[in-house]
Amino acid sequence: MPLDDIFTKAMTGARLDFEEAWLLYQEAPFHLLGRLAHNTRMRNHPEPVVTYVVDRNLNYSNICVSGCRFCAFYRAPGEDGGYLLSRAELAEKIQETLALGGTQILLQGGHHPDLPLSYYEDLLQFVKDRYPIHIHAFSPPEITHFARLEHCDVGTVIARLRAAGLDSIPGGGAEILVDAVRQRVSPNKCSSAEWLAVMEAAHRQGLRTTATMMFGHDEEPRHRLDHLFALRDLQDRTGGFTAFIPWAFQPDNTAIQRPPATAVCYLRLLALSRVVLDNFDNLQASWVTMGPRVAQLALFFGANDFGSTMIEENVVAAAGVHFRLSLAEIQRIIAAAGFRPQQRTMAYQWVGNADAQAI
């Protein structure tokens, strides 16, 4: 199909197949692709609102046996700099989050070789017994790691974590859902099929999850479409994903040395994601990796959500990227783009009223 026909098809909201999406990604002019994505976003979300969540990333441990080549955060067992948060440290961070108006915490850590599943159950129960907060925790690679240590299936792990207080699952550890790529960058982590199976099992048990993509490392552009179509297929079956978050690999202090993705590369992929993922309601801008100016542009390339306030963030910071925004700055950036900022929960329920008028 000619590119003009594909563009016209997508503008009507019709679903694109793989080859149509590939041609659009490869050949569509930059601003035309952005226009298509923004048109799709406004058709799905006609209200002039951009949402965000107030939360904190709590990395309970950086001790990990995976040894992923793209990660600057982890420490091998026994290596200097490894840590495991105490309950007192965890409590202090959660209390501060609540005091700042936070509604959730994101709990993620390394693949610790010595912690049984009961440790994580006790961790969840400790939080839930003390604090009225949503726990968004344990990405699919962590859950597959727990299952291997426990010698059980991932469905059992998810059920036990749910019973202990788990509210939803983040989409971390997806990288690129193509095993040839994963074997090069994270050979000790779960496969693409295992990542998808965890998410499907979580959705079947009633847990909502997010989905991510880390791009710009050791993959080919076509692999990014493989990733998007794998997510779209699973969302067709379950409808359990609340949002998609693509973000660019940050190479500093890692074992993969290549220039970071440009703003244009990021925005093209974001725009394509909005068009391909026609069954995902929400796309997040990645200000943590791309900075506030590019994230503001992302609101016109398909994103309807500004992500998290990131009261604390350690993983991207370990790769040398240190963008920080206050809640007031996030609200100002959204309003300056012509939208109303609106706090939300993980499930995209609004918290209170819209925070400010567009300027």
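What you see is a predicted model, and the numbers here were worked out from it, not measured in a lab.

(A) Fine view of the overall build of the protein chain. A count of helical and extended segments in the protein chain gives 15 helices and 10 strands. The principal-axis extents of the C-alpha atoms in the protein chain amount to approximately 55 × 45 × 40 Å. Across the 359 residues of the protein chain, 57% fall into the buried class. By sequence separation, contacts in the protein chain at least 24 residues apart represent 74% of the contacts at least 6 residues apart. For the protein chain, the exposed surface amounts to about 13,900 Å²; the carbon and sulfur share of it is 52%. Across the protein chain, the 32 positively charged side chains and the 39 negatively charged ones have centroids separated by 4 Å.

(B) Up close: the environment of Gln125. Within the element layout of this structure, Gln125 appears in helix 5 (residues 117–130). In this structure, the C-alpha to C-alpha distance between Gln125 and Cys64, residues 61 residues apart in sequence, is 23 Å.

(C) Here's a closer look at the side chain of Thr144. You can see Thr144 is positioned in helix 6 (residues 140–150). Excluding anything up to four places from it in sequence, Thr144 contacts Val154, Cys190, Glu194 and Val198.

(D) Expanded view of the nonpolar core. Of all hydrophobic cores here, the largest spans 101 residues; its most connected members are Phe138, Leu161, Trp195, Leu231 and Phe306. Ignoring sequence-local partners within four residues, the contact set of Phe138 consists of Tyr60, Leu107, Gln108, Tyr120, Leu123, Leu124, Ile143, Phe146, Leu161, Leu166, Ile169 and Pro170. Among the nonpolar cores identified, the runner-up in size contains six residues, and Cys68, Met214, Phe249 and Ile256 belong to it.

(E) Broad picture of the sheet that holds strand 10 (residues 340–343). Read from one edge of the open sheet, three strands run 9-1-10, paired in parallel fashion. Two strands in the sheet have a free side with no partner beyond their single neighbour: strand 9 (305–308) and strand 10. Direction aside, neighbouring strands of the sheet carry axes that sit 20° apart on average. When strand 1 (residues 49–53) meets strand 10, the two strands line up parallel, connected through four bridges. Bridge pairing in strand 10 places Thr51 opposite Gln342.

(F) Geometry of the pairing of strand 3 (residues 104–108). Of all five residues making up strand 3, five are buried, and the element is well covered by its neighbours. Residues of strand 3 alternate between two faces, with Gln104, Leu106 and Gln108 on one and Ile105 and Leu107 on the opposite face, all of them buried. Pairing of strand 2 (residues 55–59) with strand 3, which is carried by five bridges, proceeds in the parallel orientation. Counted as the bridge partner of Arg56 is Ile105 from strand 3. With respect to chirality, the unit in which strand 2 leads through helix 4 (residues 87–99) into the neighbouring parallel strand 3 is right-handed. Sheet analysis places strand 3 next to strand 4 (residues 134–137), joined by four bridges and oriented parallel. Along strand 4, the bridge assignment pairs Leu107 with Ala137. As a crossover connection, the stretch from strand 3 through helix 5 into strand 4 is right-handed.

The rules behind these values
Residues numbered from 1 in each chain as written. Predicted model: local features only at pLDDT ≥ 70, side-chain atom pairs only at ≥ 80, totals over all residues. Heavy atoms only, no water. Helix = DSSP H or I, 4+ residues; strand = E, 2+ residues; numbered from the N terminus. Buried < 20%, exposed > 50% of the residue type's maximum accessible area, 1.4 Å probe, protein only. Contact = heavy atoms within 4.5 Å. Areas by Shrake-Rupley, 256 points an atom, 1.4 Å probe, with all protein chains shown as cover. Lys, Arg positive; Asp, Glu negative; His and termini not counted. Charge placed at Lys NZ, Arg CZ, Asp CG, Glu CD. Core = buried A, V, L, I, M, F, W, Y, C linked by side-chain atoms within 4.5 Å. Pairing = 2+ DSSP bridges. Axes fitted to C-alpha atoms, helices over the stretch in contact; angles between N-to-C directions. Right-handed = clockwise from strand over helix to strand, strands pointing away.

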